[in-house]
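The residues making up each chain are set out below.
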Amino acid sequence: MNLLITGGAGFIGGNFTHYMVNKYPDYNIIVLDKLTYAGNLETLEPVMNNIKFIKSDIADRDAVYRLFEEEKPDIVVNFAAESHVDRSIDDPEIFLITNMLGTQVLMDACRKYGIKRYHQVSTDEVYGDLPLDRPDLFFTEETPIHTSSPYSASKASADLLVQAYHRTYNLPVTISRCSNNYGPYHFPEKLIPLMIANALNDKPLPVYGKGENVRDWLYVEDHCKAIDLIIHKGREGEVYNIGGHNEKTNIYIVKKILELLNKPESLITYVTDRKGHDLRYAIDPTKIHNELGWEPETKFDDGIVKTVEWYLANKSWWEKIISGEYMEYYKKMYINRGSI
Ligand code: NAD
Ligand code: TYD
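Residues numbered from 1 in each chain as written. Chains lettered and ligands numbered in written order. Predicted model: local features only at pLDDT ≥ 70, side-chain atom pairs only at ≥ 80, totals over all residues. Heavy atoms only, no water.

### Details of the environment of Lys263
- By secondary structure assignment, the location of Lys263 is in the loop between helix H9 (250-261) and strand S13 (268-271).
- Apart from the residues within four sequence positions on either side, Lys263 is in contact with Ala199, Leu200, Asp202 and Leu258.
- Reaching out from Lys263, the side chain makes a polar contact with the side chain of Asp202 at a distance of 2.9 Å. (Helix = DSSP H or I, 4+ residues; strand = E, 2+ residues; numbered from the N terminus. Contact = heavy atoms within 4.5 Å. Polar contact = N/O pair within 3.5 Å; in protein donor to acceptor, adjacent residues only side chain to side chain.)

### Description of the packing of aromatic side chains
- As enumerated under the stated definition, the model contains 18 aromatic pairs in all.
- The interplanar angle of 85° and the centroid separation of 5.2 Å between the aromatic rings of Tyr37 and Phe187 together place this pair among those described as edge-to-face. Placement of Tyr37 in the loop between strand S2 (28-33) and helix H2 (41-44) and of Phe187 in the loop between strand S7 (181-182) and helix H7 (191-200) is noted, with a sequence separation of 150 residues between them.
- In this structure Tyr37 comes out as partly exposed when scored by relative accessible area, which is 26%. (Phe/Tyr/Trp six-rings, centres within 6.5 Å; stacked < 30°, edge-to-face > 60°. Buried < 20%, exposed > 50% of the residue type's maximum accessible area, 1.4 Å probe, protein only.)

### Side note on the pairing of strand S11 (residues 239-242)
- Neither face of S11 is open: one carries Val239 and Asn241, the other Tyr240 and Ile242, and all of them are buried.
- Two strands pair when backbone bridges link them, and strand S6 (residues 173-178) and S11 are joined in this way by four bridges, in the parallel orientation. Within S11, the residue paired with Cys178 across the bridge is Ile242. (Pairing = 2+ DSSP bridges.)

### Things to note about the pattern of salt bridges
- In this structure the tally under the stated criterion is 18 salt bridges.
- Between Asp86 and Arg274 there is a salt bridge; the shortest N-O distance is 2.7 Å. With Asp86 in helix H4 (residues 85-90) and Arg274 in the loop between S13 and helix H10 (286-292), the pair connects residues that are 188 residues apart, well separated along the chain. Arg274 carries the same exposure label as Asp86, and that label is buried. (Salt bridge = Lys/Arg side-chain N within 4 Å of Asp/Glu carboxyl O.)

### Points about the sheet that holds S11
- Spatial ordering of the open sheet is given by S3-S2-S1-S4-S5-S6-S11, a layout of seven strands whose pairing is parallel. Lying at the two open borders of the sheet, with one neighbouring strand each, are strand S3 (51-55) and S11. Pairwise comparison of adjacent strand axes, ignoring direction, gives a mean angle of 20° for this sheet.
- Where S2 lies against S3, five bridges are found, and the strand directions are parallel. Residue pairing in the sheet places Ile30 in a bridge with Lys52 of S3.
- The sheet strands contacting helix H5 (residues 93-113) are strand S1 (2-6), strand S4 (75-78) and strand S5 (117-123), and the helix crosses S5 at an angle near 165°.
- Strands S4, S5, S6 and S11 of the sheet are contacted by helix H8 (residues 220-233), whose axis makes an angle of about 145° with S5. (Axes fitted to C-alpha atoms, helices over the stretch in contact; angles between N-to-C directions.)

If you want it as structure tokens, here you go:
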């Protein structure tokens, strides 16, 4: 089986590459990644001898066609994306190029060269948000698309295109929409790794608004297991929501991280809220549970301990990132919010 993983040098794609290398030693695994600011070859270091890595852009049609011609992938799992909401608010264009047009190029290659399965890794953010005072409401696969940020709009556009390629060209596709992931190799611009890194460096922890927004946290390995099931056993043309009942407010998470690291709550700094900030995400995973037997195995209170331990044991991985160019971005993002 030839498996092409795009965006495999990023957070979830990297974890998925590790997972698949270990689970399917006889698979021929090819990782394509542009190595943007978010891509890090060190994430792939432990499996580099078991994969073929190609530095390329999913939106570069010639390069992608060449790769398909040479590698003949049977399964394509597309993680490659611009993934940070705050960056999309600052500058949306690259989000449309990579997330939408890149997806189109990959699917055109799939049509041209033939594949068994194209899997699109999407997000629960395509459903918009839920109110804070209605804990009975959850996103199902039937929830209408209703996006808030340029990031979520670009991901939703890609999803619609994937469904159109299935209906129009019979492309054998599946889509998964997951909630917020956390775990090893998470780039320290996202909530959990940013707060861990700042706490360890005794820097302020910038909480947007009042910290009351709710996310439904999914340990990254549980996500990898779900995608493995979908690409091998999921029904063509279907959408599967992945997540499940690990809802936490941002402030709960920040306080939990401080507690685990034995750092004072005085590091918490409330800063200007994100524009269009989604209030609550919460997934109903009934479909993937009933059809494929998947359920999240890691409870948040266990997963956060494992995650904090990973960041303590792998300081060199993230300390290299929090330097140079990244710091310039960091200053630009937070200077106007009043936290540095
Ligand atoms: P990430 O930002 O950590 O990694 C993205 C990877 O894609 C990086 O390695 C980057 O170099 C690569 N990339 C970017 N543009 C590319 C291009 N044009 N061509 C090839 N490679 C390119 O993202 P992540 O958190 O691992 O997310 C992976 C996927 O999962 C994304 O599609 C994202 O929308 C989706 N998702 C993420 C979360 C989450 O909580 N992190 C939740 C829901 C959905
Ligand atoms: P993030 O990790 O960016 O994921 P997403 O926006 O895709 O859910 O943010 C998670 C939540 O944490 C979100 O409600 C915004 C909030 N947040 C902060 O309060 N401070 C921060 O510095 C960051 C990056 C996020």
